[in-house]
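If you want the building blocks of each chain, they are given just below.
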Amino acid sequence: MIILGGSASGLLADKVAKELGYEPGRLEIKKFPDGEKYLRVVSEVRGEDVVVVQSLYRNPDEYLFELMLLTDTLRDLGARSITGVAPYLAYARQDARFNPGEAVSSVSLARFFEAAGMTSFFTVDTHLHRLEEVSKVFKIPARNLSAMPLLGKYALENLHPKNPVVIGPDEEAEPWAASVAKELDAEHTVFHKKRVTSSKVEIDTGHIELKGRDAVFADDIISTGGTIAEAAKACKKKGARRIFALCTHPVLAEGALKRIRAAGVSKVIGTDSIPSPISKVSVAPVIAKAVRA
Ligand code: R5P
């Protein structure tokens, strides 16, 4: 098996290879002055099972094209199978046509990957609001893996929460909160979130008792930090002791961490699906386990 990392995820691919006990495969990628990419697969891939890791964050269009170019090249070079791994799956949120003529980008993306020659696909904690499962979007075998058990384990071993309650900041985060709560052997709940503008949300905490307890948020993405910040303020009002936030994908728009900390969150932890200052947990073991299976 050959594990290759695109320019978005070279380090992560190396960690996945290490988990699986392989040397990382070799790629050469350069950018031409006009912005185009030069790509060369240095490892011999003919007849091999190849895994390509490329998280589609920050410059999704660039990384996406590179992933498709790489996949098509691997097929051309005679790879036996090509497993695409995009831990952060850009374009996943537009999964329906809300207005006539709109692109349903998550479905288009699946078609692009398949057309390029991908034979199976993994992502991590992708939020498919209406389509629910990645297997409904892809025709090739596709799975949505989860980093929540590892984030929960990290919280248990490093944050030592006292009488914790794990909170999904909105209803859709319930499975993630449940998964972290299982690791912490704790109660979990969800808040109800109303998005007022793209950066402003209102939070209803429901009836959960928080006085003197540690609150641990679990969510897929922290982007502007607005959701966690508002939810944290609501926890403080209810007398929560310490507040922690766990997320799989630290998108972290400008000022997000400052905003969250100002709202009273003492630790924010994310994974390396997107490299960031809070990426303390690696998704490599989750990917390696899925690839091995
Ligand atoms: C929304 O449904 C997601 O699960 C996250 O809660 C959201 O993307 C977080 O965004 P922000 O940090 O900008 O509030």
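Residues numbered from 1 in each chain as written. Predicted model: local features only at pLDDT ≥ 70, side-chain atom pairs only at ≥ 80, totals over all residues. Heavy atoms only, no water.

A. Molecular detail of the environment of valine 281. Within the element layout of this structure, valine 281 appears in strand β15 (residues 279-281). For the pair valine 281 and valine 45, spaced 236 residues apart in sequence, the C-alpha to C-alpha distance is 30 Å. (Helix = DSSP H or I, 4+ residues; strand = E, 2+ residues; numbered from the N terminus.)

B. Representation of the site of the ligand in the model. In the vicinity of the ligand, 13 residues are found, and the nearest of them are Asp219, Asp220, Ser223, Thr224 and Thr227. With respect to the ligand, the side chain of lysine 193 contributes an N or O atom lying 3.3 Å from an oxygen atom. Within the backbone of glycine 225, one N or O atom sits 2.8 Å away from an oxygen atom of the ligand. When isolated, the ligand has an accessible area of 370 Å², and the protein chains bury 91% of it. If you list the elements that add at least two residues to the shell around the ligand, you get β10 (192-197), β12 (215-222) and α6 (226-237). Per-element tally for the shell around the ligand: the top contributor is β12, with 4 residues. Split into classes, the residues belonging to the shell around the ligand amount to 2 nonpolar, 6 polar and 5 charged. (Near = heavy atom within 4 Å. Polar contact = N/O pair within 3.5 Å; in protein donor to acceptor, adjacent residues only side chain to side chain. Areas by Shrake-Rupley, 256 points an atom, 1.4 Å probe, with all protein chains shown as cover. Nonpolar A, V, L, I, M, F, W, Y, C, P; charged D, E, K, R; others polar.)

C. Representation of the pattern of salt bridges within the structure. All chains considered together, the criterion is met by 13 salt bridges. A salt bridge links arginine 75 to aspartate 72; the shortest N-O distance between them is 2.8 Å. A residue pair is termed a helical-turn pair when its members lie 3 or 4 positions apart in one helix, as arginine 75 and aspartate 72 do in helix α2 (residues 60-76) at 3 residues. With a relative accessible area of 35%, aspartate 72 lands in the partly exposed category. For arginine 241, the salt bridge goes to aspartate 214, with nearest N and O atoms at 3.2 Å. (Salt bridge = Lys/Arg side-chain N within 4 Å of Asp/Glu carboxyl O. Buried < 20%, exposed > 50% of the residue type's maximum accessible area, 1.4 Å probe, protein only.)

D. Region of interest: the sheet that holds strand β6 (residues 120-124). Taking strand neighbours across the sheet as the criterion, the 5 strands line up as β1-β4-β5-β6-β7 in an open arrangement whose pairing is parallel. The open sheet has two edge strands with one neighbour each: β1 (2-5) and β7 (142-145). Ignoring strand direction, the axes of neighbouring strands in this sheet form an average angle of 20°. Here β6 pairs with β7 via 4 bridges, running parallel. Note that in β7 the partner of valine 124 across the bridge is leucine 145. Relative to the sheet, α2 contacts β1, β4 (49-53) and β5 (81-86), its axis offset from that of β4 by approximately 170°. (Pairing = 2+ DSSP bridges. Axes fitted to C-alpha atoms, helices over the stretch in contact; angles between N-to-C directions. Contact = heavy atoms within 4.5 Å.)

E. Summary view of the environment of serine 266. Along the chain, serine 266 falls in the loop between α7 (256-262) and β14 (267-271). On the basis of relative accessible area, serine 266 is assigned to the partly exposed category, the value being 44%. Separated by 107 residues in sequence, serine 266 and leucine 159 have C-alpha atoms that sit 9.9 Å apart. When sequence neighbours within four positions are dropped, the list of residues in contact with serine 266 reads Arg242, Ile243 and Phe244.

F. Here's a closer look at the packing of helix α1 (residues 10-20) against helix α8 (residues 284-292). Running from N to C, α1 and α8 point in directions that differ by 55°, and their axes come no closer than 9 Å. Taken together, the axis directions place α1 and α8 in an arrangement best described as oblique. Our pair here, α1 against α8, has a crossing hand that is right-handed. Residues Leu12, Lys15, Val16, Glu19 and Leu20 of α1 lie in contact with α8, whose contacting residues are Ala284, Pro285, Ile287, Ala288, Val291 and Arg292. (Parallel < 35°, antiparallel > 145°, perpendicular 65-115°, else oblique. Left-handed = near helix turned anticlockwise from the far one by under 90°.)

G. Up close: the pairing of β14. Summarising burial for β14: 4 of the 5 residues are buried, a large majority. Where strand β13 (residues 243-250) meets β14, 3 bridges bridge the pair, whose relative direction is parallel. Counted as the bridge partner of leucine 246 is isoleucine 269 from β14. Following the chain from β13 across α7 to the adjacent parallel β14, one finds a crossover that is right-handed. (Right-handed = clockwise from strand over helix to strand, strands pointing away.)

H. Quick peek at the side chain of aspartate 214. When you line up the elements, aspartate 214 lands in the loop between β11 (200-204) and β12. Judged by its relative accessible area of 0%, aspartate 214 is buried. Polar contacts involving the side chain of aspartate 214 include one to the side chain of arginine 241, which spans 3.2 Å.

Note that all results are geometric; they support no functional claim without further evidence.
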